[in-house]
Amino acid sequence: MKGSLFALLALAADTALATSDQINFGSDEFNEFNAFQLAVANNGGVENLGLDDKTLNLLAEAWNSAYERDPALVKSKLQPQSAAVDSRPPPIKVSKKEGFTVHTLDSFPNFALRVKDPGAELNIDDVQQYTGYVDILDEDKHFFFWLFESRNDPKKDPFVMWLNGGPGCSSSTGLFFELGPSFVNGNLTLDRNPNSWNNNATVLFLDQPVNVGYSYSSNRVTNTKMAAEDVYSFLEVLFSAFPQYKSLPFHISGESYGGKYLPAVGAAILDHPERSFDLSSVIIGNPITDVSVQAFSSVAMACGDGGYPSVLDEETCSDLYKKVPHCVSLVNACYDSNNNYLICQGASMYCLQLELPYLETGRNPYDISDICYDECYPETGYIQDYLRRPDVIKAVGSDVDDFVDCDNKVGSDFQLSADGVKNEGPDVLKILENGVDMLFYDGNLDWICSWPGVYQLVERLRYKNHSEFTAKPLTQWYVDGVAAGETKSAGHLSWMKVYGAGHMVPHNKGVVASNMINQWLQHREFTSS
């Protein structure tokens, strides 16, 4: 729950900009600033870009118009930048073991698993639960997790891992705000959640990549592919230490930037034929996966073409729609350029124009029906304060003395690696082609990763059953006799639009989300009730 779609595009440029030493910032040339000319000079000249004249003109417009809007911002992106300073204290090389059961595994000599049961101390749920760390010792990486066994039949019910997005946000948002056993209220006490996803599944919440939430390291993870390999290693260690979970159907789930994480994690699992566990399905809510396909969606949603009345005037919408093809052209040029900083930063700055009018309305970017300005979800502050309480830190065994729900440095690291403009569509196809089921679901009121773009994404997936999927009509889905959404499936791919929900579907529609996940885990299809 962080950032905006095209803020994610402001990625590749910063990597080269951070190390640029070609600009004389005291020169008259800089004071008589032409953003595009200066950026091109630092990129080795126009001939290195490989762009046609039309795209080159769009790129020049993007840089120069961005400078006109905010010269300080554009200049800052061109100046040499020192690496951002991490606000966290130095990581603990020798992690504490007091109060933990420590597992070391012969098959993973560079790993250790530390676990404890905080259940009686915190009373989040009545089930067996574990908190702890998987330590990658030779890399000084320490991944915090929180596991709740199923309230129903933990020996037989499925096992689900949940990841929040960001990039850089803790999965505590999912745990204490969306789908976990209890929610944190304004008194920093707990309210039980009758619609928790662990009603019929064992659920694991993982803080990843490192330096998110209670996880920490002296090293940095700067892109989705690196994060995915770490998650795979985490899972191997976890299932080796807890073999009772290994035989359960295993599903990975999440939302938002999870649209990048989860395809990459799924692909990483499949890339390891020696793995000790199998992947049953991938479940992704309101994702950002392929920016070039989804770019139009924020305009469609704001301008009345996503099922909600337009919140912008006709002239503004007309102007925005004219800019969409140019945005897509620049994003595709960014893809084709292997994330060249000049092109990708230009795409970012151009495409940001598609979002600015909506962001100025004061409406919630995660729920278009809500006007809240900057105070949309006070619950996230409650969660952060709760997880900073000394008794909670002690109970869960955190090695970290402070807790931040979304770490800006991690987000910046991903930006500097151009991660947000990397297309995860190929990994989605790999998962489908390997016979693994995938569910994409969307709240119909989300603006930031809105359903028209995600629907376009799944409609364009050229997998085995593509023609069947596109030909199928949408089917109304009812929960307790009330229309709750619409869905369709073909082969291993399913899509669900949930009515009355925003970006965080389990938060907005707890009963409906509980029905959705239970039906998916049990049958991979949706039956009205």
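Criteria and cut-off values
- Residues numbered from 1 in each chain as written.
- Predicted model: local features only at pLDDT ≥ 70, side-chain atom pairs only at ≥ 80, totals over all residues.
- Heavy atoms only, no water.
- Helix = DSSP H or I, 4+ residues; strand = E, 2+ residues; numbered from the N terminus.
- Buried < 20%, exposed > 50% of the residue type's maximum accessible area, 1.4 Å probe, protein only.
- Polar contact = N/O pair within 3.5 Å; in protein donor to acceptor, adjacent residues only side chain to side chain.
- Disulfide = S-S within 2.5 Å.
- Pairing = 2+ DSSP bridges.
- Salt bridge = Lys/Arg side-chain N within 4 Å of Asp/Glu carboxyl O.
- Contact = heavy atoms within 4.5 Å.
- Arc of directions from axis to C-beta.

### Quick word on the environment of S217
And then number 1: Its place among the elements puts S217 in strand β9 (residues 216-217).
And then number 2: A residue is classified by how much of its surface remains accessible, and S217, at 3% relative accessible area, is buried.
And then number 3: A C-alpha to C-alpha distance of 8.1 Å links S217 and E139, two positions 78 residues apart in sequence.
And then number 4: A distance of 2.6 Å separates a polar atom in the side chain of S217 from the backbone oxygen of D140.

### What to know about the state of the cysteines
Any covalent bond linking the sulfur atoms of two cysteines counts as a disulfide.
And then number 1: Evaluated as defined, the whole model comprises five disulfides.
And then number 2: Each disulfide pairs two cysteine sulfurs, and for C334 the partner residue is C344, the sulfurs being separated by 2.0 Å. Classification of the bridge connecting C334 and C344 rests on its S-S torsion, roughly 90°, and on that basis the disulfide is right-handed. Here C334, found in helix α13 (residues 314-336), pairs with C344, found in helix α14 (residues 341-351); they are 10 residues apart in sequence, far enough to count as distant. The burial state of C334 is the same as that of C344; both residues are buried.
And then number 3: With a sulfur-sulfur separation of 1.9 Å, C372 is cross-linked through a disulfide to C376. One disulfide, between C372 and C376, carries an S-S torsion of 65° and so falls in the right-handed class.
And then number 4: The connectivity of the disulfide-linked cysteines in the protein chain, indexed sequentially, is 1-10, 2-3, 4-7, 5-6, 8-9.

### Observations regarding the pairing of strand β5 (residues 159-163)
Looking along a regular strand, one sees the side chains alternate between the two faces of the sheet.
And then number 1: Within β5, five of the five residues are buried, which leaves the element mostly enclosed by the surrounding structure.
And then number 2: Sheet topology places β5 next to strand β8 (residues 202-206); four bridges connect them, and they run parallel. Bridging from a neighbouring strand, W162 pairs with F205 of β8.

### A closer look at the pattern of salt bridges
And then number 1: Per the counting criterion, the structure on display carries 16 salt bridges.
And then number 2: Where D399 meets R114, a salt bridge forms, and the shortest distance between an N and an O atom there is 2.9 Å. Of this pair, D399 sits in the loop between α17 (390-396) and α18 (408-416) while R114 sits in strand β2 (residues 108-116), and the two are 285 residues apart along the sequence.
And then number 3: The partner of K225 in a salt bridge is D427, with the nearest N and O atoms 2.3 Å apart. Within this pair, whereas K225 is found in helix α8 (residues 224-241), its partner D427 is found in helix α19 (residues 425-433), the two being separated by 202 residues in sequence.
And then number 4: Given the relative accessible area of 44%, K225 is considered partly exposed.
And then number 5: Each of D125, D126, R151 and R192 takes part in one network of salt bridges that share partners.

### Side note on the environment of F100
And then number 1: Here F100 is to be found in the loop between α5 (71-78) and β1 (101-105).
And then number 2: In the structure, F100 is positioned 33 residues away from Y133 in sequence and 9.6 Å away in space, judged by C-alpha atoms.
And then number 3: What F100 contacts, discounting residues up to four positions off in sequence, is R114, V115, K116, T131, G132, Y133, V396 and G397.

### Comments concerning α19
And then number 1: Those residues of α19 lying buried are G425, D427, V428, I431 and L432. Projection of α19 onto a plane perpendicular to its axis shows the buried side chains occupying an angular sector of 160°, all on one side.
And then number 2: Against the buried residues of α19 lie α8, α10 (258-270), β11 (281-287), β14 (437-443) and β17 (493-498).
And then number 3: Taken from the residues just after α19, G435 is the one with a positive phi, measuring 80°.

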